[in-house]
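Summary of the model geometry
Below, each chain spelled out in residue letters.
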Amino acid sequence: MMMTGHDPLQAYGAMVRGAFGGRNAANLAATLNRAVPIVGMGLAAALAFRAGFFNIGGEGQLVLGGITGAVVALNLPLPGLLVIPLAILAAALVGGAYAWLAAFLDFRFRMPMLITTLLMIYPARLLASYLVSHPLRDAASGLTQTLRITPDAVLPKLMGTRLSSGLIVVLLLVAGAHWMIVKTRFGYRMRMTGLNARFARYGGVDVERLGYRVMFLSGATAGLVGAVQVLGVHYRYIDGSLTQPLYAWIGIMVALLAGSRPLGVLLAGLFFAAVQTGGFGMERATDVPREISQVLQALIILLVAARSRFQFGNPPESGRAN
Amino acid sequence: MPPALELRDITKRFPGVVANDRVSLAVEEGEIRALVGENGAGKTTLMNILYGLDQPDEGEILIRGELCQFHSPLDAIRSGLGMVHQHFMLFPSLSVAENVVFGCEPTHSGILDQQAAQRSVAALSEDFGLQIDPRARVGSLSVGVRQRIEILKMLYRGAEILILDEPTAVLTPQERDSLFGILRALAANGKTIIFITHKLPEVLALSDSATALRDGAVTGTVRTADSDAQEMCRLMVGRDVELQVAKRSPPADSEPVLSIQNLTLPETGGRAAIRQLDLEVRAGEIVGIAGAAGNGQTELVEAIAGLRPTASGRISVQGTVTSSLSVGARRRAGQSHVPEDRDGVGLALEAPLTDNLLMGFDNHPSLAHLGILNLGAVRQHAEDLLGQFAVKTHSALESAGTLSGGNRQKLVLARELAHQASLLIAEQPTRGVDIGATEQIYELLVEYRDRGNAILLVSTDLTEILALSDRIVVMFEGELVGELPGPSATEEAVGMLMGGGGT
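Quick caveat: nothing in here was measured; it's all calculated off a predicted structure. (Residues numbered from 1 in each chain as written. Chains lettered and ligands numbered in written order. Predicted model: local features only at pLDDT ≥ 70, side-chain atom pairs only at ≥ 80, totals over all residues.)

Structural notes on the overall build of chain B
Worth spelling out the cut-off: Think of it this way: any DSSP run of H or I at least four residues long counts as a helix, any run of E at least two long counts as a strand, and we number them from the N terminus. Residues with at least 20 neighbouring C-beta atoms inside 10 Å of their own are called buried, those with 12 or fewer are called exposed, and the rest are partly exposed, where every C-beta is derived from the backbone. By the convention adopted here, residues are in contact when the distance between their C-beta atoms, placed from the backbone, does not exceed 7 Å.
Looking only at helices and strands, chain B features 17 helices and 24 strands. For the C-alpha atoms alone, the extent of chain B along its principal axes is close to 75 × 50 × 45 Å. The 503 residues of chain B split such that 46% are buried. In chain B, once contacts between residues fewer than 6 apart in sequence are set aside, the share between residues at least 24 apart is 67%.

Thoughts on the overall build of chain A
Applied cut-off: A radius of gyration in this sense is built from C-alpha atoms; the matching globule rule multiplies 2.2 Å by the number of residues raised to 0.38.
Scanning chain A from terminus to terminus reveals 13 helices and zero strands. Secondary structure of chain A in N-to-C order comes out as α-α-α-α-α-α-α-α-α-α-α-α-α. Its C-alpha atoms give chain A a radius of gyration of 20 Å, near enough to 20 Å, the size a compact globule of 322 residues would have. The C-alpha extent of chain A, read off along each of the three principal axes, is 60 × 55 × 35 Å. Sorting the 322 residues of chain A into buried and exposed places 53% on the buried side.

A word on the sheet that holds strand β15 (residues 286-290) of chain B
Residues and elements named next belong to chain B. Our working rule: Strand pairing is assigned whenever DSSP detects at least two bridges linking the two strands. Note on method: axes are straight lines fitted to C-alpha atoms, helices fitted across the in-contact stretch only, with angles between N-to-C directions ranging 0 to 180 degrees.
The strand order across the open sheet built from six strands is β18-β21-β22-β15-β23-β24, with neighbouring strands paired in mixed fashion. The strands lining the two open edges of the sheet, one partner per strand, are β18 (335-338) and β24 (479-485). In this sheet, adjacent strand axes meet at a mean angle of 20° when their direction is disregarded. Each of β15, β18, β21 (423-427), β22 (454-458) and β23 (471-476) is contacted by helix α9 (residues 297-305), which is oriented at about 150° to β21, the strand it contacts most. Across the sheet, helix α14 (residues 405-418) lies against β18 and β21, angled at about 175° from β18, the strand it touches most.

A look at the pairing of strand β4 (residues 58-63) of chain B
Residue and element names in this part refer to chain B. Looking at chain direction, strand β1 (residues 5-14) and β4 are connected through five bridges and run antiparallel. Looking across to β4, one finds that E6 is bridged to L62. Bridge count between β4 and strand β5 (residues 66-68): three bridges; the pairing is antiparallel. Within β5, the position partnered with I61 by the bridge is C68. In sequence, β4 turns back onto β5 through a hairpin of two residues, with R64 there showing a positive phi of about 45°.

Overview of helix α7 (residues 166-183) of chain A
Residues and elements named next belong to chain A. What counts, and what does not: A helix's residues, less one, multiplied by 1.5 Å, set its expected span. The arc in question is traced by the directions running from the helix axis to the C-beta atoms.
Its 18 residues place the ends of α7 25 Å apart at the C-alpha level, agreeing with the 26 Å of an ideal helix rising 1.5 Å per residue. Among the residues making up α7, those that are buried are G166, V170, L173, V174, A177 and I181. Projected down its long axis, α7 carries its buried residues within an arc of 100°, all on one side. Buried residues along α7 sit against α2 (26-50), α8 (185-195), α10 (207-234) and α12 (262-285).

Topic: helix α6 (residues 121-133) of chain A
All names here are of chain A. In a regular helix each residue adds 1.5 Å, so 13 residues correspond to 18 Å; α6 covers 18 Å between its end C-alpha atoms and thus fits that length. Buried residues of α6: I121, A124, R125, A128 and V132, and no others. In a view along the axis of α6, the buried residues occupy a sector of 95°, so they form one face of it. Within α6, the exposed residues directed more than 90 degrees away from the buried face are Y122, P123, L126 and S133. In this structure, the buried residues of α6 make contact with α3 (58-75), α4 (80-109) and α5 (113-119).

A few points about the interface of chain B and chain A
The following threshold applies: Amino acids are sorted into nonpolar (Ala, Val, Leu, Ile, Met, Phe, Trp, Tyr, Cys and Pro), charged (Asp, Glu, Lys and Arg) and polar (every other residue, Gly among them).
In this complex, chain B contributes 24 residues to the contact, which on the side of chain A involves 17 residues. Where the side of chain B that touches chain A is concerned, the elements lending two or more residues are α10 (327-332), α11 (342-346), α12 (353-358) and β20 (372-373) of chain B. Classifying every residue of the side of chain B that touches chain A by side-chain character gives 13 nonpolar, seven polar and four charged.

Quick notes on the sheet that holds β5 of chain B
Residue and element names in this part refer to chain B. Strand order across the open sheet formed by four strands is β2-β1-β4-β5, with antiparallel pairing between neighbours. Taken across any chain shown, the strands that pair with only one partner, and hence form the sheet edges, are β2 (17-27) and β5. Averaged over all neighbouring strand pairs, the angle between strand axes comes to 30°, with direction disregarded. The pairing of β1 with β2 spans seven bridges and is antiparallel.

Examining the environment of A14 of chain A
Residue and element names in this part refer to chain A. If you trace the backbone, A14 turns up in helix α1 (residues 8-20). On the basis of neighbour counts, which here come to 22 C-beta atoms within 10 Å, the residue A14 falls in the buried class. For the pair A14 and P79, spaced 65 residues apart in the sequence, the C-alpha separation amounts to 44 Å. Beyond its immediate sequence surroundings of up to four residues, A14 is in contact with G281, M282, A285 and T286.

Points about unusual backbone geometry
Residues and elements named next belong to chain B. Even without being a glycine, R22 presents a positive backbone phi close to 45°. Considering the arrangement of structural elements, one finds R22 in strand β2. With 14 C-beta atoms counted inside 10 Å, the residue R22 sits in the partly exposed group.

Examining the packing of α2 of chain A against helix α11 (residues 247-257) of chain A
All names here are of chain A. The condition that has to hold: Orientation labels follow simple angle bins: below 35 degrees gives roughly parallel, above 145 gives roughly antiparallel, 65 to 115 gives roughly perpendicular, and whatever is left gives oblique. Crossing handedness: left-handed means the near helix sits turned counterclockwise from the far one by under a right angle, and right-handed means the same turn made clockwise.
The N-to-C vectors of α2 and α11 enclose an angle of 60°; their axes lie 7 Å apart at closest approach. When the interaxial angle is binned, α2 and α11 end up oblique. In the packing of α2 onto α11, the handedness of the crossing is right-handed. For the pair α2 and α11, contact is made by P37, I38, M41, G42, A44, A45, A46 and F49 and by Y247, A248, I250, G251, I252, V254 and A255, respectively. Taken together, the residues of the contact of α2 with α11 sort by class into 13 nonpolar, two polar and no charged.

Overview of the packing of α2 of chain A against α10 of chain A
Residue and element names in this part refer to chain A. Where α2 meets α10, the closest approach of the two axes is 7 Å, and the angle between their N-to-C directions is 170°. As the angle between them shows, α2 and α10 are arranged roughly antiparallel. Across the interface between the two elements, V36, P37, G40, M41, L43, A44, L47 and A48 of α2 pack against V214, M215, L217, S218, T221, A222, V225, V228 and Q229 of α10. Taken together, the residues of the contact of α2 with α10 sort by class into 13 nonpolar, four polar and no charged.

Quick word on the pairing of β24 of chain B
Residue and element names in this part refer to chain B. As judged from the six bridges shared by β23 and β24, these two strands associate in the antiparallel manner. Counterpart to V473 in the pairing with β24 is E483. Count of turn residues in the β23/β24 antiparallel hairpin: two residues, of which E477 carries a positive phi of about 45°.

Side note on the confidence of the model for chain A
The cut-off we apply is this: pLDDT is a per-residue confidence score from the predictor, ranging from 0 to 100.
Chain-level pLDDT for chain A is 88 on average; 93% of the residues reach the 70-or-more range. Within chain A, helix α13 (residues 290-312) of chain A has the poorest average pLDDT of any element, 69, and α8 of chain A the best, 97.

Topic: the environment of S227 of chain B
All names here are of chain B. The topology assignment puts S227 in the loop between β12 (217-223) and α8 (229-237). We classify S227 as partly exposed; it has 18 C-beta atoms within 10 Å. Residues S227 and E302, spaced 75 residues apart in sequence, show a C-alpha to C-alpha distance of 42 Å. If sequence neighbours within four positions are ignored, S227 has contacts with V222 and M232.

Some words on the confidence of the model for chain B
When pLDDT is averaged across chain B, the result is 88; 97% of the residues are at 70 or more. For this predicted complex, the interface confidence score (ipTM) comes to 0.87, while the overall pTM stands at 0.79.

Quick word on the environment of T192 of chain B
Residue and element names in this part refer to chain B. Mapped onto the elements of the fold, T192 is located in strand β10 (residues 192-197). Separated by 33 residues in sequence, T192 and A159 place their C-alpha atoms 9.3 Å apart. With residues up to four places along the chain from it excluded, the contact list for T192 reads A4, L5, V27, E29, G30, E31, E160 and I161.

Structure, rendered in structure tokens:
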């Protein structure tokens, strides 16, 4: 900070205020809203990583979920109360199916998931771009985006606040994932497969079946996050709105930092969101560019990653099924 | 003449435990001294102190009568000590000569003098009959040869006292014999050798004398010629150890539990792993499969366990044809398995003991209901098993990786025996396990048999096969080449078959 010729205390103060302060805690609300997709995508990555399957294609599943959510919400002639859950459900199904496909390619044709999930981002992203550029485009606006979803079919703000109700959805997901991993047989098998797949297989776990389910859950979470963003924040699918902020990639970092533990994902996700909104605040209040907060973020990742690796042993490994 | 090496009252305390308690020993020049003791007896701590890796709290080290203080291995090396570790420290991509001279290279204006290095390594190898080509790349050499390179490294640095930590753990019997030849030749040349092990046959075969450690203290030093395995065992374990078990033939009317017909496994590396194999194991008997490592035993077990696809043939357990079932379905049909690779397959080392002991039980109605685990019952299940099988731990929530080898083996055994399957496949059940634990494991296996279960024992340790099996079959190059009744089988007879020679 001093290297760039700024007063560190002032800048960091601005950053903290930018993350949590503001009139009526507006910045806190911004941080929480930003945390929704980050925690959600962190959870999507963590679910796969925890069982040792490397789904790094969350972005593709996120985008497909987003566009699916928009299509359903725009076209389903039903009351909003029904449309919202159906749109989210459809998005989760599509995202899950897309990740499931990567598992299928791995188990059936020995194409490493590490690569397929990554490559499958492009068709998903391009398909969504095509849809909003042509058949689904809101011709009246100059932007590549769909029509606006009718107000009764969008996720409401939480009572009297600026908070997206996606926050509740994500908190429920985190709690559910934590419960599943710690308390259920399925979660036990996930953990054992993640720690030592040979052990799990030897002990009678059908690792392939588990892999299909875990990848579906991971992709479904990503798809659901896409729909929650579309229905709760943008109210339409805007090209690039889910990919530009790098939610999926930050989510992967969050999952790695958290050792793929859902509660850790929640904390790490909030932290990343705070650093980001804080960075905006710092830029507004001082003349420190936002890029500095990104540098800071990178430094923190490096430091914490070094330490967490030291403490928790190895992070989940990739390409397990081969 | 003062002894080549003398330790006086070495004491080392770690928090909560005295690792070495007033250990004294003296080794003469040219002597081969075995240092024996069970896992955790304090052998490694003592050697670390001797080698300067650790400082004693009390006590003295004397080399040829001179008081020494080692603050690092470099000090120890300077005083003529050399240590060959269990895990080799070599550069696989460099030549033998480059590896040996590493650390004190002959140089010519700053550049390694390859010729000089090769000459001196060749000369040294010649002197001690090590038969090593200094130009060979280490990566292409066998484990036995690599170990000789480690010894050569020590000699090159002028070591007079060689310490070998469990040197035979990684060797084949042939490599072991040639190592022993080399060590005898070194001793005859005036080198002093300290040999750490817990294998008594090796102590008897190689050493001049042996010092036993138990719980950190010396329990006795004996001349090998005047002692026997029984006495040494008592010194190590503190009591008589009975590794002979009661053999018996199964009741004539007992049912076959495992039956294998015409099993053939697909090729691995050019030849069929297993050809046309028939085998039957009946209730109430232990059938031991003997054979040198790599003759298809691993593949056979994987095929029975469901970890490897079969090409043709039929496997059935308790009347259920299992050849095409999943691992889980086979286990439900009545089999359990103690795998050869305990750490890589049998356990999740980073997971707590509770999770390790839950594997295979997560369908059990008392532990899980509608897919939801009863964590209290899971913990209780683990604690029961840990107590019942006397696994030494502080808590059931410890991770499996913190346990010693013997305790890990008991952990696997506890879980697999608790399944109460009518067929137990036990692969190398006591590999890397000390004598006390071996005895317990033998007892557990025999008791399991006596309850009317069938055990398929696979071991490359002939002593173990002979000690446990009611019936012995010998495997050679993927086929069963002979069968002997357990009670009357001799080492010679089994050994003949193991080499592929028919009777």
